[in-house]
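Residue-level listing of the chains:
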Amino acid sequence: YFQVTCAPFYDARRRPMGAVAVFDDITAWRRLDQYKSEFVSTVAHEIVSPLSAVLGQLQNLNKGLLGPLEEPQKELLGRARERLESIAKLSRDLLDLSKIEAGGMGQVSRVQLAPLFQEAVDQLMGRAQAKSQSLELEIDDNLPEVMGVGEELLRVATNLVSNAVKYTPQGGRIRVRAAGGDGEAVLSVQDNGLGIPPEEQEAIFQRFHRVKNADTRQIPGTGLGLAIVKRVVESHDGRLELTSEPGKGSTFTLYLPAAPQ
Ligand code: ADP
């Protein structure tokens, strides 16, 4: 593997004279990165399976399989489940991120975005309703197909919609829109929730970065969701825009190139 860096140079009158190209052999670095991804995904995989088994057993206990439970016992079981669920979520997110970094979660094909966004909204409707939020989906007829990995794009949609639900208080409004633009699909998730301070708007796309303030501290998360979104959008040659104001809400907009006719 080579990394190529190019820079032009000019004469005294700023006329281009040529260019310098530097070729760096980054094979060893790439290999190390691959080992790291494999290591993370093996560890995460080894954690996910036993954890699912333990969660299942806790659920059986909770259902009273070994006899009726008193309230304090139920509460303790509930707390244990919550903790385990968050470790399971972290492992799944790490696993997905390392799969995406190692070359993708599946094959590239023509993808219809409408059913995919419908599925993301369906998955999160229960959580939005539990917070009395309105979660609306608008799909324009001119929405084009894109070339990509369906599973990864679904992950992007669920991450963005789930964040909007999570970081918007009771009674808020979330609008998910998908439409066609100039040779591209334009997908946006808008909420009127907590918003993101300007100085955090770049950092939240780095892995494990979470905004720490009084409002967000109570909300559980891994800080990996937007890192996954960013990776997937990059690997699909798309771009991502964020407009957000603390106290007013956030809009995440994705642009993905339309598949050739
Ligand atoms: P997680 O939600 O698991 O913490 P993410 O990577 O999805 O991780 O998000 C990173 C951080 O960005 C979150 O912790 C939160 O502080 C902020 N954030 C993401 N989406 C929103 C949103 N819709 N509104 C307000 N803050 C958000």
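Preceding this section is the structure that the text describes.
Everything in this summary refers to the structure shown in the same document. Just so you know, these numbers come straight off a predicted model, no measurement behind them. Positions within a chain are numbered from 1, following the residues in the order the chain's sequence is written. With the structure being a predicted model, the display of local features is reserved for residues of pLDDT at least 70 and the display and counting of side-chain atom pairs for 80 or more, all residues being used for whole-chain, interface and lining totals. As a rule here, side-chain values come from all non-hydrogen atoms in the structure, and water together with hydrogens is ignored.

1. Some thoughts on the packing of aromatic side chains
Put simply, the rule is: Any Phe, Tyr or Trp ring, taking Trp's six-membered ring, that has another such ring centre within 6.5 Å forms a pair; planes under 30 degrees apart are called stacked, those over 60 apart edge-to-face, and the others tilted. Here a strand is any run of E in DSSP of at least two residues, a helix any run of H or I of at least four, and the numbering for each starts at the N terminus. Note on classification: 1.4 Å probe, protein chains only; a residue is buried when its accessible area is under 20% of the maximum for its type, exposed when over 50%, partly exposed between these limits.
Here the structure, examined in full by the defined rule, presents one aromatic pair. Centre to centre, the rings of Phe205 and Phe252 are 6.3 Å apart; their planes meet at 70 degrees, and the pair counts as edge-to-face. Separated by 47 residues along the polypeptide, Phe205 in the loop between strand E7 (184-191) and helix H5 (225-235) and Phe252 in strand E9 (residues 249-257) bring together distant segments of the chain. Each member of the pair, Phe205 as well as Phe252, is classed as buried.

2. Focus on the side chain of Thr158
What counts, and what does not: Polar contact is defined as a pair of N or O atoms within 3.5 Å, subject to the rule that within protein one atom must be able to donate a hydrogen and the other to accept it, and that residues adjacent in sequence are counted only when both atoms are side-chain atoms. Contacts were defined at the residue level, with two residues in contact if any of their heavy atoms lie within 4.5 Å.
Among the secondary structure elements, Thr158 is positioned in helix H4 (residues 150-166). A polar contact is formed between the side chain of Thr158 and the backbone oxygen of Arg155, at a distance of 3.1 Å. Setting aside anything within four residues of it in sequence, one finds Thr158 in contact with Ala120, Gln123 and Leu124.

3. Quick word on helix H3 (residues 113-130)
So the rule is basically this: Helix span, expected: 1.5 Å multiplied by one less than the number of residues in the helix. Here the bend at a residue means the angle between the axes of two seven-residue stretches, the one that ends at it and the one that starts at it.
Compared with an ideal rise of 1.5 Å per residue, which puts 18 residues at 26 Å, H3 spans 26 Å between its outermost C-alpha atoms and is within 8% of the ideal. Of all the bends in H3, the largest measures some 45 degrees and sits at Leu124. Taken together, the buried positions of H3 are occupied by Leu113, Leu116, Phe117, Ala120, Val121, Leu124 and Ala128. Next to the buried residues of H3 lie strand E3 (109-111), strand E4 (134-139), strand E5 (146-148), H4, strand E6 (173-180) and E7. Backbone geometry just downstream of H3 places Ser132 in the positive-phi region, at approximately 50 degrees.

4. Remarks on the packing of helix H2 (residues 71-101) against H5
Operational definition: Every axis corresponds to a line fitted to the C-alpha atoms, with the helix fit spanning only the stretch in contact, and the corresponding angles, defined between N-to-C directions, vary from 0 to 180 degrees. Geometric relationships in this document are graded by angle, where less than 35 degrees denotes roughly parallel, more than 145 denotes roughly antiparallel, 65 to 115 denotes roughly perpendicular, and other angles denote oblique. Crossing handedness is read from the near helix: turned anticlockwise from the far helix by less than a right angle, it gives a left-handed crossing, and turned clockwise, a right-handed one. Only Asp, Glu, Lys and Arg are considered charged in this grouping, and only Ala, Val, Leu, Ile, Met, Phe, Trp, Tyr, Cys and Pro are considered nonpolar; every other residue, Gly among them, is considered polar.
Direction vectors running N to C along H2 and H5 enclose 20 degrees, while the axes themselves pass 10 Å from each other. Here H2 lies roughly parallel to H5, going by the angle between them. Two packed elements cross with a definite hand, and for H2 against H5 that hand is left-handed. Residues Asp93, Asp96, Leu97, Ile100 and Glu101 of H2 form the contact with H5, whose participating residues are Ala227, Ile228, Arg231 and Val232. Partitioned by chemical class, the residues of the contact of H2 with H5 number five nonpolar, no polar and four charged.

5. Things to note about the pairing of strand E1 (residues 2-10)
Convention followed: Pairing between strands is defined by DSSP: at least two bridges between them are needed.
The pairing of E1 with strand E2 (residues 16-25) spans nine bridges and is antiparallel. Counterpart to Val4 in the pairing with E2 is Phe23. If you look at the hairpin formed by E1 and E2, you'll find five residues sitting between the two strands, and Arg14 has a positive phi there, around 65 degrees.

6. Examining unusual backbone geometry
With phi around 50 degrees, Ser132 is a residue other than glycine that occupies positive phi space. For Ser132, the position within the fold is in the loop between H3 and E4. The backbone of Phe208 sits at a positive phi, close to 70 degrees, despite the residue not being glycine. Given the relative accessible area of 48%, Phe208 is considered partly exposed.

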